[in-house]
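Structural overview for review
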Amino acid sequence: LCLSSILSYLSTFLVYIHHMRFLGNPGTGKTTVARILGKILRERGVLRNGNFFEYTGRDLCGRYVGETAPKTAAICRDAYGSVLFIDEAYSLYRGDSHGDWDYGKEAIDTLVAEMENNRSDFMVIMSGYTDDMNKMLTGNAGLKSRMPYEIVLPNYTREQLAQIFFKMAGKYFSVDNEAKEMIIDYFNKLPKQLLESKEFSNARFARNLFERTWGKAVLRSQLANQELKEITAEDFRQASADKEFIISVDRRKSIGFSV
């Protein structure tokens, strides 16, 4: 899958600490790559701790005037020697029409100062949607230059989503042949509009579908008083018939998904 190639690329040049931006839709592996990256940097001696600190953009903001800068600085200090991962970082910049925008701007200003003054001691990775992240960069003139590396994690293809499902299932069960064909057919029929939408959760969607299928299989085995060893076509048929996984067969109508 794409994560292995991204990690291979990153590991070839990370001899020093570089702050980064991870761009992409939900479920494309941004958090996973960041976690593994911290471990690689620790093994190479680039980061002295290699721990992983995860926050959302709004976590850096205070509730009242004067609280944001100390709060952001404290979060950075905790992450010294490690990776500071800021998900939904674009929420720090919402424009002048939002009353709490100044808190976000103050957080960005403080974060930029920390990134500059302690650039050899921790790595900041900001994550979010491509368009929103690009807009956020206008919140501070020096932010982009201090995060020179931009990694775009693309959406998964239909084939990759099916592989993710099978990989998860293979850790615990076998999948009968009829179920395999049904699963492949299901993912092949996912509408392009869904796969390209900002709301689609990519690998998370495949995981949720697998876990729902697992639940159906557990119920079946319990009712039959049998040990669960295999996922059947009926297990998957019932799981994919639940509301959030239904595909509309009439393409003229709205997509039958609630992700």
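Refer to the structure above for everything that follows.
Positions within a chain are numbered from 1, following the residues in the order the chain's sequence is written. For this predicted model, a pLDDT threshold of at least 70 governs which residues receive local features, and a threshold of 80 or more governs which side-chain atom pairs are given and counted, while totals over whole chains, interfaces and linings are taken from all residues. Side-chain numbers come from the whole structure's heavy atoms, not from hydrogens or water.

The subject of this paragraph is the nonpolar core. Buried residues of nine kinds, namely Ala, Val, Leu, Ile, Met, Phe, Trp, Tyr and Cys, make up a nonpolar core once their side-chain atoms join them within 4.5 Å. Any residue under 20% of the maximum accessible area for its type is buried, any over 50% is exposed, and the rest in between are partly exposed; the area is computed with a 1.4 Å probe on protein chains only. In this structure, Leu161, Tyr186, Phe187, Leu190 and Leu209 are the most contacted members of the largest nonpolar core, which totals 30 residues. The way it works is that DSSP assigns letters per residue, a run of H or I at least four long becomes a helix, a run of E at least two long becomes a strand, and they are numbered from the N terminus. At the level of secondary structure, the elements contributing two or more residues to this core comprise helix H7 (158-170), helix H8 (177-188), helix H9 (192-195), helix H10 (203-223) and helix H11 (233-240). Residues in contact with Phe187, not counting those within four places in the same chain, are Arg158, Leu161, Ala162, Phe165, Phe205, Ala206 and Leu209. Ranked by size, the runner-up nonpolar core spans 28 residues in total, among them Leu23, Tyr80, Leu84 and Ala107. Any two residues having at least one pair of non-hydrogen atoms within 4.5 Å are treated as being in contact.

Turning our eyes to something else, we now look at the side chain of Ser221. Position of Ser221 relative to the elements: it lies in helix H10. As used in this structure description, the phrase polar contact means that two N or O atoms lie within 3.5 Å; if the pair is within protein, one of them must be able to donate a hydrogen and the other to accept it, and residues adjacent in sequence are counted only when both atoms belong to side chains. Engagement of the side chain of Ser221 in a polar contact is seen with the backbone oxygen of Val218, the distance being 2.8 Å. Setting aside chain neighbours within four positions, we find Ser221 in contact with Gln226 and Leu228.

Time to look at the sheet that holds strand S1 (residues 20-23). For two strands to count as paired, DSSP must find a minimum of two bridges between them. Spatially, 5 strands are ordered S2-S3-S4-S1-S5 in an open sheet, and the strand pairing comes out parallel. Of all the strands in the sheet, the pair left with one neighbour each is strand S2 (52-56) and strand S5 (149-152). Direction aside, neighbouring strands of the sheet carry axes that sit 20° apart on average. The sheet contact formed by S2 and strand S3 (residues 83-87) spans 5 bridges and is parallel. Bridge assignment links Phe53 to a residue of S3, and that residue is Leu84. Axis definition: a line fitted to C-alpha atoms, over the contacting stretch in the case of helices. Angles run 0 to 180 degrees between N-to-C directions.

One way to put it is that H7 packs onto H10 with a least axis distance of 9 Å and a crossing angle of 45°. Taken together, the axis directions place H7 and H10 in an arrangement best described as oblique. Pair H7 / H10 crosses with right-handed handedness. Contact residues: Leu161, Ile164, Phe165, Met168 and Ala169 in H7; Ala203, Ala206, Arg207, Leu209, Phe210 and Thr213 in H10. Residues are grouped as follows: nonpolar covers Ala, Val, Leu, Ile, Met, Phe, Trp, Tyr, Cys and Pro; charged covers Asp, Glu, Lys and Arg; every other residue, Gly included, is treated as polar. A class-by-class count of the residues in the contact of H7 with H10 yields 9 nonpolar, 1 polar and 1 charged. With respect to orientation, any angle under 35 degrees is reported as roughly parallel, any angle over 145 as roughly antiparallel, any angle of 65 to 115 as roughly perpendicular, and every other angle as oblique. Whether a crossing is left-handed or right-handed is set by the direction in which the near helix is turned from the far one by less than a right angle, anticlockwise for left-handed and clockwise for right-handed.

Taken by themselves, the reported measurements are silent on function.
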